[in-house]
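# Topology and contacts: notes
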Amino acid sequence: MENIVCKFGGTSMADGNVISRVKKIVEADAERRYVVVSAPGKRYGADVKITDLLYAAVNAAKDGDVATFEKNYSKISERFIGILKELNCSAEFTEEITADLAEIKNRIVSEKEEDYAASRGEFLAAKIMARLLAVPFVDAVEIIFFNADGTLCEKTYEAVYARLRNVKRAVIPGFYGRGADGRVKTFSRGGGDITGAVIAAGARASLYENWTDVSGFYACDPKIVSSPQRISSLSYAELRELSYMGASVLHSESVFPVRAAGIPIHILNTFRPEEKGTKIVAAHSEKTDGGVVTGIAGKKGFTVITLEKSLMNAEIGFAAKVLTAVAEEGIPLEHMPSGIDTLSVVLESSRLAGGVKERLIEKIKKETHTERVFLHENISLIATVGHGLRGCIGASARLFKALADEGISVITIDQGSSELNIIVGVEDRDCDRAIAAIYRAFFSATA
Ligand code: ADP
Ligand code: ASP
Ligand code: MG
């Protein structure tokens, strides 16, 4: 018998109607044993996610802005009470959730802890889901643990296994666990996907189903190209590249727990459960879609610092000096494209705010004795990903021709020796156009 962990994202928990769909999906298969849920997300474009309301409320509490706190918290309470009504929950359960909402409100006001506040959307959503399915609610703080440096603690997997081993079915809230100091701690935004992967690995699941509002992983963001091709199957490595570079359908860190355990991920649509979705597996792309490229994703908001110095290539330790300066500022390096006498570092612009950029440039100039240092801001990185790129002659030419035909200037180029991806840097304003052009170049013949 299979042991399936299924995670339902915010759009799948947005109101009573869709929550009833979730119940149907879970109950349709006895092998769907552990259910991980997100906080209610948006019901329509201009709606606000519960998690965003919780952040707004705790920030208002920190600022002592009582009116804004009350306004946001009322919206949160109304959303949950509305969901209980839509689901025809009993008076006794409605009272229980009302009491929870009052207690959470008091704690946010008195403790003003961001992670605790943000986590309460999934806490309440999971309690409601557990009641609806008539199965136990297992709080994530009992089984998911973080180290003091914020990384996931290895003991989590054993704790999940021990807690769930004899539990036939359970609902677990996504997005948070217990920090090293004993307090609630969250993953980064969208981290419900990571919880699902961790529960799947800990519970030794045979499959991790990730239910969302699209019918799988598409070759690019459907907000950029309408109805892009669905990818029927991709590898963990391709998933990691695409999700890291902005394909937000799955959190990029959710790949690690399942990859280590060899558990496939299946992305499915809560609103169209009959559709095939996308399978994510270990095997190098069994490219059923027949193309060279599996997918394209892009991310805005990078800064490129370029150094030019004659005979840089002959200078031992040049790159090390640049990287040390970057590391000393605590900034992760995204990419490092280089030429013979030029070297660039690509960094996230948000990490360079508050005087960091100026300090870093000074340090780099001083340590490397380079005067010619150029800055290029508002850069997007676009990754064109696929195992099919390996050894494929002409793929780069196709990509660059597509960008040239659109009149888009390429600022950086980076291709890893794994040949899994080609990353180009373009101006932020060209980002979406560049993704669409690359998509057309590789997919229009088969779309
Ligand atoms: P959930 O609430 O289920 O966690 P998310 O909003 O986090 O859902 O992720 C689903 C969304 O990801 C889709 O609605 C879509 O707009 C977006 N998305 C971005 N890139 C892609 C892609 N390549 N394929 C599918 N969806 C994508
Ligand atoms: N609710 C959290 C967020 O909005 C986590 C998640 O949805 O996965 O980021
Ligand atoms: Mg998500």
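Throughout what follows, the structure given in this document is the object of discussion. Remember, it's a predicted structure, so these values are computed and weren't measured experimentally. (Residues numbered from 1 in each chain as written. Chains lettered and ligands numbered in written order. Predicted model: local features only at pLDDT ≥ 70, side-chain atom pairs only at ≥ 80, totals over all residues. Heavy atoms only, no water.)

### What about the overall build of the protein?
- Within the protein, the regular secondary structure consists of 13 helices and 14 strands.
- What you see for the protein is a C-alpha radius of gyration of 24 Å, in line with the 22 Å of a compact globule of 447 residues.
- Based on the C-alpha atoms only, the size of the protein along its principal axes is roughly 75 × 50 × 40 Å.
- Out of the 447 residues belonging to the protein, those deemed buried represent 51%.
- For the protein, contacts bridging at least 24 residues in sequence account for 75% of all contacts bridging at least 6. (Helix = DSSP H or I, 4+ residues; strand = E, 2+ residues; numbered from the N terminus. Rg over C-alpha atoms; globule rule 2.2 N^0.38 Å. Buried < 20%, exposed > 50% of the residue type's maximum accessible area, 1.4 Å probe, protein only. Contact = heavy atoms within 4.5 Å.)

### Points about the pattern of salt bridges
- Using the criterion set out here, one finds 30 salt bridges in the structure.
- The partner of R32 in a salt bridge is E209, with the nearest N and O atoms 2.7 Å apart. Highlighted residues: R32 in strand β2 (residues 32–37) and E209 in strand β6 (residues 207–212), separated in sequence by 177 residues. Of the two residues examined, R32 and E209, each falls in the buried class.
- Its salt-bridge partner being K309, residue E315 comes within 3.0 Å of it at the nearest N-O pair.
- One network of salt bridges, in which partners are shared, links E92, E96, D100, K127 and R131. (Salt bridge = Lys/Arg side-chain N within 4 Å of Asp/Glu carboxyl O.)

### Looking at the site of ligand 1
- Taken together, 18 residues surround ligand 1, and among them G10, T212, D213, Y218 and K223 come closest.
- In the environment of ligand 1, a nitrogen atom lies 2.9 Å from a nitrogen or oxygen atom belonging to the backbone of Y218.
- When the free accessible area of ligand 1 is taken as 570 Å², the share hidden by the protein chains comes to 85%. (Near = heavy atom within 4 Å. Polar contact = N/O pair within 3.5 Å; in protein donor to acceptor, adjacent residues only side chain to side chain. Areas by Shrake-Rupley, 256 points an atom, 1.4 Å probe, with all protein chains shown as cover.)

### Some words on the environment of V326
- Among the structural elements, V326 can be located in helix α10 (residues 318–328).
- In this structure V326 comes out as buried when scored by relative accessible area, which is 3%.
- Taking the C-alpha atoms as reference, V326 lies 37 Å from G216; in sequence the two are 110 residues apart.
- When near neighbours in sequence (up to four residues on either side) are disregarded, V326 contacts I331, L347 and L360.

### What about helix α7 (residues 192–202)?
- The buried fraction of α7 is high, at 11 of 11 residues.
- At the exit of α7 stands R204, carrying a positive phi of roughly 55°.

### Topic: the site of ligand 2
- Looking at ligand 2, the residues that line it are S38, K49, T51, E122, F175, R189, G190, G191 and G192.
- A distance of 2.8 Å separates a nitrogen atom of ligand 2 from a polar atom in the side chain of T51.
- Here an oxygen atom of ligand 2 sits 2.8 Å away from a polar atom, N or O, in the main chain of G190.
- Within the complex, the protein chains bury 95% of what would otherwise be the 260 Å² of accessible surface of ligand 2.

### With respect to helix α1 (residues 16–27)
- Taking 1.5 Å per residue as the helical rise, α1 with its 12 residues ought to reach 16 Å, and the 16 Å between its terminal C-alpha atoms agrees with that figure.
- Residues G16, V18, I19, V22, I25 and V26 constitute the buried set of α1.
- Contacts from the buried residues of α1 go to β1 (4–8), β2, α3 (66–86), α5 (114–133) and β6.
- Where α1 begins, the capping side chain belongs to D15, and its oxygen is found 3.1 Å from the backbone nitrogen of N17. (Expected span 1.5 Å × (residues − 1).)

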